[in-house]
Amino acid sequence: MTIQRSTLKKLAFSTFLLTLPLNAAFAADPAVADRIKTALAAQGVDISWTGVSGDDSNAVLQGVSIKPAAEKEALPIGDVKLEGVAEANGGYEIATVSTSPFEHSKDGVTLNLSPVVIHGMKVPAEGGTDPLGSLMMYKSAELSNMTVKVGDKTAFAMDGLAVQITPPADGKAMDFTANTEKFTADLSLVDDPKSKEAIEALGYQNISGTIAMAGTWQPSDGKMELSKYDISVENAGTLGMTFNLGGYTVDFIKSMQEMQKKLAAQPEGADNSAQSMAMLGLMQQLSFNGASVRFEDDSLTGKVLDYVGKQQGMSGKDVANQAKAIVPFGMAQLNNPELTAEVSAAVNTFLDDPKSLEISAEPPSSVPFALIMAGAMSNPLDLPKTLGVKVKANQD
């Protein structure tokens, strides 16, 4: 399935924007509308509409279009309905915000979204001292269905996306979760012959599963933790990821948005090296606290070993034994005997009884991104020690 990267990027970004509260939080009152436009412009998003109907409590914004700074053209998203608009502490609260059904096609790829419904939207008052004063918060959001079609075939579909947010209060961090009821993907649409052959041999022409995510964000010190991001595929396994960063403050977000606006304003083909270096410098404000990647097997490992073995005229068990022998030699170039022994033991344990395999980075203290970047350029072999890399198998 060959799809232009730019097309996928635009479709994915369109989906992301439609699930954000910022693109749906408007009110009929002109002062609120101006405030919203100003806030969105500061975050690199231009908003416009063709008309407004209703009153200050319940309104419909007609013909809404949005244009992120990185895009050349505005994206029409249709009508946006606002219900239960009320003043609150100099700002506004909107009980329910809902978009129209959405469809966008490009280069033979069509994205369809059911209405996005957002509950408990807060539009903060202008000039507030709260670190989140320039951002809009909401309590929950729902998307019933999303489909991506290639031609007339559904390549991907997702049902029942639900987002829950507990805004930060009294010094506590913001909590958020997101879950899907189900997703499906048609991998038979893949064009690459070798990939297609492997998919068919493994029996994964059509897959289904779920996505679950959870995390926290503390605006005051910028600690961002994604404690759960699990993609589970039936009869295959679960890929889980976590990360923990520091320095992701509101000021950092604003600086990133300003940098993106400057990059987007550059004409095509222009030299962006200065902006790229500035972006690199900005990233050095972040620090690394930890991360992990974990795979929990649900029959995928055995199928892959058998498939590779068949290709080489041997059994899956023989392939596993071959992998066990190769791993220590591959790890030896890191010149880290302790990690080599740990990885070899974990791989042996997993291949003998595939349950779970996890790679984690747990430094004893926060590591600035500047130090990581310097280490990657000067002595990359020391990075595993700097980041506290560990590997384990079949452990909870």
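All figures in this text were calculated on a predicted structure; none of them were measured in a lab.

Colleague: Describe the pairing of strand S7 (residues 109–113), with residues and values.
Modeller: A regular strand places its side chains so that they alternate between the two faces of the sheet. Counting buried positions over the 5 residues of S7 gives 4, a clear majority of the element. With 5 bridges joining them, strand S6 (residues 102–106) and S7 adopt antiparallel strand pairing. Each bridged residue has a counterpart across the sheet, and for Lys 106 the counterpart in S7 is Val 109. The hairpin turn running from S6 into S7, its antiparallel successor, is 2 residues long, and Asp 107 in that turn takes a positive phi close to 55°. Of the pairings in the sheet, the one linking S7 to strand S9 (residues 140–150) comprises 5 bridges and is antiparallel in character. Residue Val 109 lies in a different strand from S9, and its bridge partner there is Val 150.

Colleague: Please set out the pattern of salt bridges residue by residue, giving values where relevant.
Modeller: Across all of its chains, the model carries 5 salt bridges by this definition. Linking Glu 296 and Arg 294 is a salt bridge whose minimum nitrogen-to-oxygen distance equals 2.9 Å. Using a relative accessible area of 37% as the deciding quantity, one classes Glu 296 as partly exposed. Judged by relative accessible area, which is 16%, Arg 294 ranks as buried. Residues joined by salt bridges that share partners form a network here, namely Arg 294, Glu 296, Glu 358 and Lys 392.

Colleague: Can you explain the side chain of Glu 358? Please cite residues and give values.
Modeller: Mapped onto the elements of the fold, Glu 358 is located in strand S17 (residues 356–361). Here Glu 358 falls in the buried class, since its relative accessible area comes to 13%. Only 2.9 Å separates the side chain of Glu 358 from the side chain of Arg 294, close enough to count as a polar contact.

Colleague: Give a description of helix H3 (residues 193–202) that names residues and reports values.
Modeller: Since the α-helix turns once every 3.6 residues, residues separated by three or four places project in the same direction. What H3 keeps buried is the set Ala 198, Ile 199 and Leu 202. Seen end-on, H3 carries its buried residues on one side only, within an arc spanning 100°. More than 90 degrees from the buried face of H3, the exposed residues found are Pro 193 and Ala 201. The inward-facing, buried residues of H3 abut helix H6 (300–312).

Colleague: Tell me about the packing of aromatic side chains, residues and numbers included.
Modeller: How two aromatic rings sit relative to each other is given by the distance of their centres and the angle of their planes. Enumeration over the complete set of coordinates arrives at 3 aromatic pairs. On the basis of an interplanar angle of 70° and a centroid distance of 6.4 Å, the ring pair of Trp 217 and Tyr 248 is categorised as edge-to-face. Of this pair, Trp 217 sits in strand S13 (residues 206–218) while Tyr 248 sits in the loop between strand S15 (237–246) and helix H4 (250–265), and the two are 31 residues apart along the sequence. For Tyr 248, a relative accessible area of 29% corresponds to the partly exposed category. Where Tyr 248 meets Phe 252, the ring centres are 5.7 Å apart and the plane angle is 50°; that geometry is what we call tilted. These aromatic residues form a ring-pair network of at least three members: Trp 217, Tyr 248 and Phe 252.

Definitions and limits used
- Residues numbered from 1 in each chain as written.
- Predicted model: local features only at pLDDT ≥ 70, side-chain atom pairs only at ≥ 80, totals over all residues.
- Heavy atoms only, no water.
- Buried < 20%, exposed > 50% of the residue type's maximum accessible area, 1.4 Å probe, protein only.
- Helix = DSSP H or I, 4+ residues; strand = E, 2+ residues; numbered from the N terminus.
- Pairing = 2+ DSSP bridges.
- Salt bridge = Lys/Arg side-chain N within 4 Å of Asp/Glu carboxyl O.
- Polar contact = N/O pair within 3.5 Å; in protein donor to acceptor, adjacent residues only side chain to side chain.
- Arc of directions from axis to C-beta.
- Contact = heavy atoms within 4.5 Å.
- Phe/Tyr/Trp six-rings, centres within 6.5 Å; stacked < 30°, edge-to-face > 60°.

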